[in-house]
Amino acid sequence: MTESRGRMLLKAAGQGAAAGLAGVAVMTAGEKLEQAITNRPNSYVPARTLLSLLGRHPAPDAQPPVWNHAMHWGTGAVLGALRGLWSVTGIRGAEANTGFTVVRLATDQTLENATGVGAPPATWPPKERAVDVLHKVVYAWVTGTVSDAWIAPSLESRQGTTSH
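About the criteria used
Residues numbered from 1 in each chain as written. Predicted model: local features only at pLDDT ≥ 70, side-chain atom pairs only at ≥ 80, totals over all residues. Heavy atoms only, no water. Helix = DSSP H or I, 4+ residues; strand = E, 2+ residues; numbered from the N terminus. Buried < 20%, exposed > 50% of the residue type's maximum accessible area, 1.4 Å probe, protein only. Contact = heavy atoms within 4.5 Å. Areas by Shrake-Rupley, 256 points an atom, 1.4 Å probe, with all protein chains shown as cover. Lys, Arg positive; Asp, Glu negative; His and termini not counted. Charge placed at Lys NZ, Arg CZ, Asp CG, Glu CD. Core = buried A, V, L, I, M, F, W, Y, C linked by side-chain atoms within 4.5 Å. Phe/Tyr/Trp six-rings, centres within 6.5 Å; stacked < 30°, edge-to-face > 60°. Lys NZ or Arg CZ within 6 Å of the ring centre and 35° of its normal.

Turning next to the overall build of the protein chain. Along the protein chain, the regular secondary structure elements total 5 helices and 0 strands. Across the protein chain, helices and strands are ordered from the amino to the carboxyl terminus as α-α-α-α-α. For the C-alpha atoms alone, the extent of the protein chain along its principal axes is close to 55 × 35 × 35 Å. Buried positions account for 37% of the 164 residues belonging to the protein chain. When contacts within the protein chain are restricted to residue pairs at least 6 apart in sequence, long-range pairs at least 24 apart make up 71% of them. As presented, the protein chain carries roughly 9300 Å² of accessible surface, and 65% of it is formed by carbon and sulfur atoms. Charged side chains of the protein chain number 14 positive and 11 negative; the gap between the two group centres comes to 4 Å.

What follows concerns the environment of Ala130. Position of Ala130 among the secondary structure elements: in helix 5 (residues 126-150). Each C-alpha atom of the pair Ala130 and Ser87 lies 28 Å from the other, and the pair is 43 residues apart in sequence.

Turning to the environment of Leu21, a few remarks are in order. Position of Leu21 relative to the elements: it lies in helix 1 (residues 5-38). Each C-alpha atom of the pair Leu21 and Trp73 lies 6.5 Å from the other, and the pair is 52 residues apart in sequence.

This paragraph deals with the nonpolar core. Judged by nonpolar contacts, Val24, Met27, Leu79, Trp86, Ala96, Phe100, Tyr139 and Ala140 together constitute the single largest core of 8 residues. For this core, the secondary-structure elements that each account for two or more residues are helix 1, helix 3 (65-88), helix 4 (93-114) and helix 5. Not counting chain neighbours up to four residues away, the residues in contact with Phe100 comprise Leu79, Gly80, Arg83, Trp86, Tyr139, Ala140 and Thr143. In this structure, Met8, Val88, Ile151 and Leu155 belong to the second largest nonpolar core, which totals 5 residues.

Okay, the packing of aromatic side chains next. Tallied over the entire structure, the rule returns 2 aromatic pairs. The interplanar angle of 70° and the centroid separation of 5.7 Å between the aromatic rings of Trp86 and Phe100 together place this pair among those described as edge-to-face. Here Phe100 lies in helix 4 and Trp86 lies in helix 3, a separation of 14 residues in the sequence. Assigned by exposure class, Trp86 and Phe100 land together as buried. Taking the centre distance of 5.8 Å and the plane angle of 35° together, the rings of Phe100 and Tyr139 count as tilted. Pair noted here: Phe100 is in helix 4 and Tyr139 is in helix 5, with a separation of 39 residues, a long-range link. Residue classification places Tyr139 among the buried positions, given a relative accessible area of 0%. Taken together, the ring pairs connect Trp86, Phe100 and Tyr139 into an aromatic cluster. Its guanidinium or amino end placed over the ring of Tyr139, Arg104 lies 4.7 Å from that ring's centre, counting from NZ or CZ.

What follows deals with the side chain of Thr101. Structurally, the position occupied by Thr101 is in helix 4. Sequence-distant contacts of Thr101, that is, excluding residues within four places in its chain, are made with Lys136, Val137, Ala140 and Trp141.

Here's what the structure looks like:
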């Protein structure tokens, strides 16, 4: 008996979440290496964003590491689930990884700015922007590469190849 489409999508989302955790692990290792070289401190914006989303009101200088990890790894897993859905439906490879980088950056910025915890990237120093983009590129490409390797495009459709 063949698996239902829903079950295949759910499985791909779970595998994608695991791929997202792999992406976060590699991104985090890269961040720690970069911080050792640049002496850039840890950012606690993710923690303050998550606490704000949960209705709490963290101080602007709050540095809760557990909440930081929860947001860091949780976002990676949730967005990885999306990337898993892309893989199983045929949205794959370099083009998908590039688009997924934008999704990751947009998710972070939307949540951070919607909660009032962050500031628009255009207001950041260029070096800070470059570092953030670099780390998110690493996350997206590792997540996508793992996802595409692990998940066959078994639900790829050829319907809708024209705009009408």
